Amino acid sequence: MIGLIAATAAGSIAGERLTAAWPGRCRVYEGPVREAVARAFAECEGLVCFLATGAAVRLVAPLLTDKAADPGVVCVDEALRHAVALVGGHGGGANELARQVADVLGCAPVVTTATDAVDVPGLDTLGWPVEGAVAAVGRAVLDGAPVRLDADAVHPLPALPPNVSPAAGGATADGAAFTLRVTDREVPGEGRTAVLRPPTLVVGVGASRGAGTEEVLELITRTLADAGLSPRSVAALATVDAKADEAGLVEASARLGVPLVTHPAEVLAAVEVPNPSEAPLAAVGTPSVAEAAALAGAPGGELIVPKRKSAPEGRPAMCTAAVARRRPRGRLAVVGLGPGARDLLTPRAREELRRASVVVGLDQYVDQVRDLLRPGTRVLESGLGAEEERARTAVAEARAGHAVALIGSGDAGVYAMASPALAEASDDIDVAGVPGVTAALAAAAILGAPLGHDHVSISLSDLHTPWEVIERRVRAAAESDMVVTFYNPRSRGRHWQLPKALDILAGHRSPTTPVGIVHAATRADERSCVTTLAALDVEQVDMVTVVVVGNTATRNVAGRMVTPRGYRWQTAGTAGTAGTSGTAGGEQ
């Protein structure tokens, strides 16, 4: 919950805007400001104070206890010019909250955290527990001092700056070196080492009916400690479906702060384990619960601690535990960059670019976003005609454990990189699709409203599709009277396909049918015009041009292409008038 505190009418009005934008997420605190801040600080995950920063500092300072527990505090000035992340930038989420507030109120976010200022990910922002000399190593990362990266495996982390690498490790002036360990193993505490805990461990647990929480927790704690494993790397507890409501397991998972994952008995029975037993087979239908559940929760991983029993004093054991280590899963984000204008690049696309340690793409598309990449991002770029190679490269990098962004223009799933990449990818990596504004949508917005009714996009490139197939699709679109958007319409080596396609359409549409052409939509050299099917000059068209051919209802209204939506009140006599209105004009 976000607490909102205002001292003036302007602040209250701004708070109402946040409440409207975030339904159910905000709570307004009224009354004396000092009391309101104190109550919100105790009850909320974040505070937005419409106060001067000096006043906010004096009110919040006595309430601060620990940066890992304190809520994030954002301060917004009376004129709504700035949203300042005042306290709890990382731990309390104030940096992100400031950006979100700025998005709603139209002000500028002010983030002064050192790592954010130089676009280097803070060790406490990577989403995993971190311990040890966090401040010292974090400062070394910022200062550009050599920091040795010592990881047990490759993990899909964001790009780390060049001074953080396996090859680094030069001594500082006092002879000590800094290290960032990425491991699920317990390691000796050292003053120059920070330890990042990846969520790689799955603890399989079997339990008799009525097994107590303390017995379960004691067994898990002892099992991990004896194996030299960190409890902070436990990703989940796992068991058989029949134990999903076992109170001791449910409470143990809650106290550990991890989910309890259950599997059907028949699934566990099919898992090969070193220590099967007749007892669980008779009780729940599988010869193994702890070992099989651990392995089932770690596909492709390995069993690193075989089954162990609890050891209560004076009575039989009521639970068993085993530990499996997950194989790190790389991540592939297929990112659509939009048509080219920076303000049409979505926030989600920006975040995926910042999350990636490897970016793969066509060289000209990489150039569009190079300034958005974090320092240390590895860029794998290639020229035109290497789509399949880029797709294979991106999938291979993800399989190696990296966080990869495969970029393309428009929407990644429309004549772009998603299809070849996902044809290569199997279920051993995580995949995220990031939609983008397509060339057709960008061109349509420039032309007017040509896509107001049913429409189809057809690529005229026969590099990957036989012309016979393309021609059949064009004929189908012509006969069904759909608006047609042509991608890849014409190049130096392919100059006859567009005239042929237009001839097919002309057999079903009037010579006066509106046609729009848009070259380089939203880019610096953009140009466009609305003409007709008969008057279109194909010499104006090239590979970065989108051609939109209207249907039989499309009209030229004040120089803009408009395709009616087919409302009952629209007739042939009114469809072309700009002032038509009616009660049925809502969304359908």
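Figured I'd write up the structure that's included with this text. All residue numbers refer to positions counted from 1 along the written sequence of the respective chain. Side-chain atom pairs in this predicted model are given and counted only at pLDDT of 80 or more, local residue features only at pLDDT of at least 70, and totals for whole chains, interfaces and linings cover all residues. Note that water and hydrogens are dropped before the side-chain values are worked out from all heavy atoms of the structure.

This brings us to the environment of Ala42. By definition, any uninterrupted DSSP run of H or I lasting at least four residues is a helix, any uninterrupted run of E lasting at least two residues is a strand, and each is numbered from the N terminus. With respect to the helices and strands, the residue Ala42 is situated in helix 2 (residues 33-43). Accessibility here uses a 1.4 Å probe with only protein chains present; expressed as a share of the type maximum, an area under 20% marks a residue as buried, one over 50% as exposed, and anything in between as partly exposed. Residue Ala42 is classed as exposed on the basis of its relative accessible area, which comes to 68%.

With that out of the way, let us pick up the nonpolar core. In this description, a nonpolar core means a group of buried Ala, Val, Leu, Ile, Met, Phe, Trp, Tyr and Cys residues linked to one another through side-chain atoms lying within 4.5 Å. Counting residues in each nonpolar core, the largest one holds 22 residues, and the members touching the most others are Ile458, Leu460, Val474, Phe486, Leu502, Val547 and Val549. Of all the elements in the fold, those that place two or more residues in this core are helix 17 (467-479), strand 24 (483-487), helix 18 (497-506), strand 25 (514-519) and strand 27 (545-549). In this analysis, two residues are considered to be in contact whenever any of their non-hydrogen atoms come within 4.5 Å of each other. Dropping the residues within four chain positions of it, Leu460 is found in contact with Trp467, Ile470, Val474, Phe486, Tyr487, Asn488, Pro489, Arg494, Gln497, Leu498 and Ala501. Within the second largest apolar cluster, 20 residues are counted, among which are Ala207, Leu217, Leu219 and Ala321.

As summarised here, the arrangement of the five strands in space is 7-11-10-8-9, forming an open sheet in which the pairing is mixed. Two strands close off the open sheet at either side, each with one partner strand: strand 7 (130-132) and strand 9 (164-165). A pair of strands is treated as paired once DSSP finds two or more bridges between them. Note that strand 8 (residues 147-151) and strand 9 share two bridges and pair parallel. Looking at the pairing, Val147 lines up with Val164 of strand 9. Lines fitted to C-alpha atoms define the axes here, with helix axes fitted over just the stretch in contact, and angles between the N-to-C directions of these axes take values from 0 to 180 degrees. Contacts between helix 6 (residues 134-143) and the sheet are confined to strand 7, strand 8, strand 9, strand 10 (178-182) and strand 11 (193-196), with strand 10 contributing the most and set at about 110° to the helix.

Moving on, we get to the sheet that holds strand 24. In space, the five strands of this open sheet follow the order 23-24-27-25-26, with mixed pairing throughout. At either end of the open sheet lies a strand with only one pairing partner, and these are strand 23 (455-459) and strand 26 (527-532). Looking at each pair of strands side by side, their axes are set apart by 15° on average, direction ignored. As judged from the five bridges shared by strand 25 and strand 27, these two strands associate in the antiparallel manner. The residue of strand 27 that forms the bridge with Ile517 is Val547. Lying on the sheet, helix 16 (residues 439-447) is in contact with strand 23, strand 24, strand 25, strand 26 and strand 27; it crosses strand 25 at an angle near 115°. Against the sheet, helix 18 makes contact with strand 24 and strand 27, and its axis sits at roughly 175° relative to strand 24, the strand it touches most.

The next point concerns unusual backbone geometry. Even without being a glycine, Tyr415 presents a positive backbone phi close to 50°. Along the chain, Tyr415 turns up in the loop between strand 20 (403-408) and helix 15 (418-424). Owing to a relative accessible area of 44%, Tyr415 belongs among the partly exposed residues under this scheme. Residues other than glycine seldom take positive phi values, yet Asn488 does so here, at roughly 45°. Positionally, Asn488 belongs in the loop between strand 24 and helix 18.

We now examine the side chain of Arg331. Mapped onto the elements, Arg331 comes out in strand 17 (residues 331-336). The exposure class of Arg331 is buried, given its relative accessible area of 16%. Not counting the four nearest positions on each side in its chain, Arg331 is found in contact with Pro156, Glu352, Arg355, Ala398, His402, Ala403, Val404, Asp430 and Ala432.

The term disulfide is used for any two cysteine sulfur atoms that are within 2.5 Å. Summed over the entire model, instances satisfying the criterion amount to zero disulfides. Of all cysteine sulfurs, the one in Cys44 lies closest to Cys26, which takes part in no disulfide; the gap is 9.2 Å. In this structure Cys26 comes out as buried when scored by relative accessible area, which is 15%.

In this section: the pairing of strand 4 (residues 72-76). Burial analysis of strand 4 places five of its five residues in the buried class, the great majority of the element. Of the two faces of strand 4, the one holding Gly72, Val74 and Val76 and the one holding Val73 and Cys75 are both buried throughout. Here strand 3 (residues 46-50) pairs with strand 4 via four bridges, running parallel. Within the sheet, the bridge partner assigned to Cys49 lies in strand 4 and is Cys75. The parallel pair strand 3 and strand 4 is bridged by helix 3 (residues 53-60), and the resulting crossover is right-handed. Sheet topology note: the strand 4/strand 5 (residues 82-87) ladder contains four bridges and is antiparallel. Looking across to strand 5, one finds that Val74 is bridged to Ala85. Hairpin connection, strand 4 to strand 5: the antiparallel pair is bridged by five residues, and Leu80 has positive phi, about 55°. If you view a crossover with the strands going away from you and the path from the first strand over the helix to the second runs clockwise, you call it right-handed.

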